[in-house]
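One-letter residues, chain by chain:
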Amino acid sequence: MHTLDLTRWLAGRALPLLAALTLSGAALADAKSNVVILATGGTIAGAGATAAASATYQAAKVPVDKLIAGVPELADVANVRGEQVFQIASESFTNEQLMTLGKRVAALAKQEDVDGIVITHGTDTLEETAFFLNLVVRTDKPIVVVGSMRPGTALSADGMLNLYDAVAVAAAKDARSKGVLVAMNDEIQSGRDVTKAINIRTEAFKSPWGALGMVVEGKSYWFRAPVKRHTMNSEFDIEKIEKLAPVEVAYGYGNMSPSAYRAFEKDGVKAIIHAGTGNGSVAKHIVPVLQDLRGKGVQVIRSARVTGGGFVLRNAEQPDDKYDWVVAHDLNPQKARILAAVALTRTQDSKELQRIFWEY
Ligand code: DAS
């Protein structure tokens, strides 16, 4: 074969092959999910004065682009981009900020070019935000909330791996339709169930009914799925909510005073979560106060300060049917507040409220 013919022959085959390989490279890149990271602050964006300062630091300092740059491996599991929604310590979250975050998540979830969403968040109220989004964002795309117990400046900081895990889960097709998830300490937790059970260890987040799975080296392994209503099959939709209802929590204990309940009444609350001792018990001198509040239209919801694997049994400690009170089922007081604040945007009927506490 003449040299010229050989060159033509090669060009005729090598170029399309090269193009195909390049295309497949680009196609591979496109095969990766598009994940948006919404940053709100917290320890995962925190900074301490020294590497030994693992528990003394300033939360909400590091911007989202630096968080992403700090974990270049994110690009191996997804195409990521970041948005700074807030830069706050999460104990300071307000209902208005929850609504702003929820509306942004809902808008992104509708976008064709968004496959999953990660929210970096302080750990103090992470469980409340995760449960709120679980109730009001109508999507089956993965939404993963993540935080850290140590700032990125600390020895054995946990934030980078937590963020990597959260992005890997948000990019995973098998994470769809499981409700809002929380990725912390190698575990994948249900946003509905999880709570911050320990205030100073990396294994801080526990679910009374167990984690849904694990994420290891960027791969998710599932062992359970949620059974309560969430996201796509929720009756709540953030796009139809103007403002969350004012709901407060009062803690039960020996020798307690009724002042907190009266103060909340003056503030015009729509519901009070009674974080009772034991199985949502109410001290006998507090019962008439709650009956009076119910008579004035305030919803009374019995939760318990005891959490970790039980639930408040209706009509056990108190005759809820007779008093027209609601029980929070297995929800801890802070989650009961979130559900009541959302539910009261749709109904003031205590029987409807009780149905909602059974189903979500
Ligand atoms: N203050 C805590 C918060 O922002 C810090 C953290 O643990 O994230 O929730």
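Residues numbered from 1 in each chain as written. Predicted model: local features only at pLDDT ≥ 70, side-chain atom pairs only at ≥ 80, totals over all residues. Heavy atoms only, no water.

## Notes on the packing of aromatic side chains
In total, this model carries three aromatic pairs according to the counting rule given. Between F86 and F93, the ring centres sit 5.7 Å apart and the planes meet at 90°, which makes this aromatic pair edge-to-face. On the basis of relative accessible area, F86 is assigned to the buried category, the value being 15%. With a relative accessible area of 16%, F93 lands in the buried category. Judged by centre distance (5.1 Å) and plane angle (50°), the ring pair of F236 and Y360 falls under tilted. Placement of F236 in the loop between β10 (219–222) and β11 (247–251) and of Y360 in the segment after α11 (350–359) is noted, with a sequence separation of 124 residues between them. (Phe/Tyr/Trp six-rings, centres within 6.5 Å; stacked < 30°, edge-to-face > 60°. Buried < 20%, exposed > 50% of the residue type's maximum accessible area, 1.4 Å probe, protein only. Helix = DSSP H or I, 4+ residues; strand = E, 2+ residues; numbered from the N terminus.)

## A short note on the side chain of T123
By the element assignment, T123 lies in the loop between β3 (116–120) and α5 (126–136). Looking at T123, its side chain comes within polar contact range of the side chain of K196, at 2.8 Å. Beyond its immediate stretch of four places on either side in the chain, T123 contacts S90, G147, S148, M149, M184, K196 and F205. (Polar contact = N/O pair within 3.5 Å; in protein donor to acceptor, adjacent residues only side chain to side chain. Contact = heavy atoms within 4.5 Å.)

## A word on the site of the ligand
Every residue lining the ligand is accounted for by G42, T43, Y57, A89, S90, E91, G122, T123, D124 and S148. Measuring from an oxygen atom of the ligand, one finds a side-chain N or O atom of T123 at 2.4 Å. Residue D124 places a main-chain N or O atom 2.8 Å away from an oxygen atom belonging to the ligand. Split by residue class, the shell around the ligand holds two nonpolar, six polar and two charged. (Near = heavy atom within 4 Å. Nonpolar A, V, L, I, M, F, W, Y, C, P; charged D, E, K, R; others polar.)

## Looking at the UniProt feature "domain: Asparaginase/glutaminase C-terminal" (unreviewed entry) in the protein
Taking the numbering used here, the UniProt-annotated feature "domain: Asparaginase/glutaminase C-terminal" (unreviewed entry) corresponds to residues 247–357. Note that residues 247–357 is 37% helix and 17% strand, and that its end C-alpha atoms are spaced 15 Å apart. (UniProt positions renumbered as here; feature names shortened; annotations may be inferred.)

## Digging into the packing of α5 against helix α10 (residues 333–343)
Two elements in contact, α5 and α10, have axes separated by 9 Å at closest approach and are oriented at 30°. Note that α5 runs across α10; the crossing there is right-handed. Residues E127, E128, F131, F132, L135 and V136 of α5 touch α10, and the partners they reach there are Q334, K335, R337, I338, L339 and V342. Within the contact of α5 with α10, the residues separate by chemical class into seven nonpolar, one polar and four charged. (Axes fitted to C-alpha atoms, helices over the stretch in contact; angles between N-to-C directions. Left-handed = near helix turned anticlockwise from the far one by under 90°.)

## Re the sheet that holds strand β13 (residues 299–304)
On the basis of which strands lie adjacent, the open sheet formed by four strands has the order β11-β12-β13-β14 and parallel pairing. Lying at the two open borders of the sheet, with one neighbouring strand each, are β11 and β14 (326–327). For β13 and β14, the ladder comprises two bridges, and the chain directions are parallel. By the bridge assignment for β14, I301 is matched with V326. Taken strand by strand, helix α7 (residues 259–267) contacts β11 and β12 (271–276), and its axis lies near 170° from that of β11. (Pairing = 2+ DSSP bridges.)

## Considerations on the pattern of salt bridges
Within the structure shown, the criterion is met by 25 salt bridges. In this structure, E235 engages R355 in a salt bridge whose closest nitrogen and oxygen atoms are separated by 2.7 Å. On the criterion of sequence distance, the pair formed by E235 in the loop between β10 and β11 and R355 in helix α11 is long-range, its members being 120 residues apart. For E235, a relative accessible area of 16% puts it in the buried group. For the salt bridge of D292 with R262, the shortest nitrogen-to-oxygen distance reads 2.7 Å. With D292 in helix α8 (residues 287–295) and R262 in helix α7, this pair connects stretches of sequence that are 30 residues apart. Residue classification places R262 among the partly exposed positions, given a relative accessible area of 28%. Sharing partners across several salt bridges, the network here consists of R229, E235, R346, E352, R355 and E359. (Salt bridge = Lys/Arg side-chain N within 4 Å of Asp/Glu carboxyl O.)

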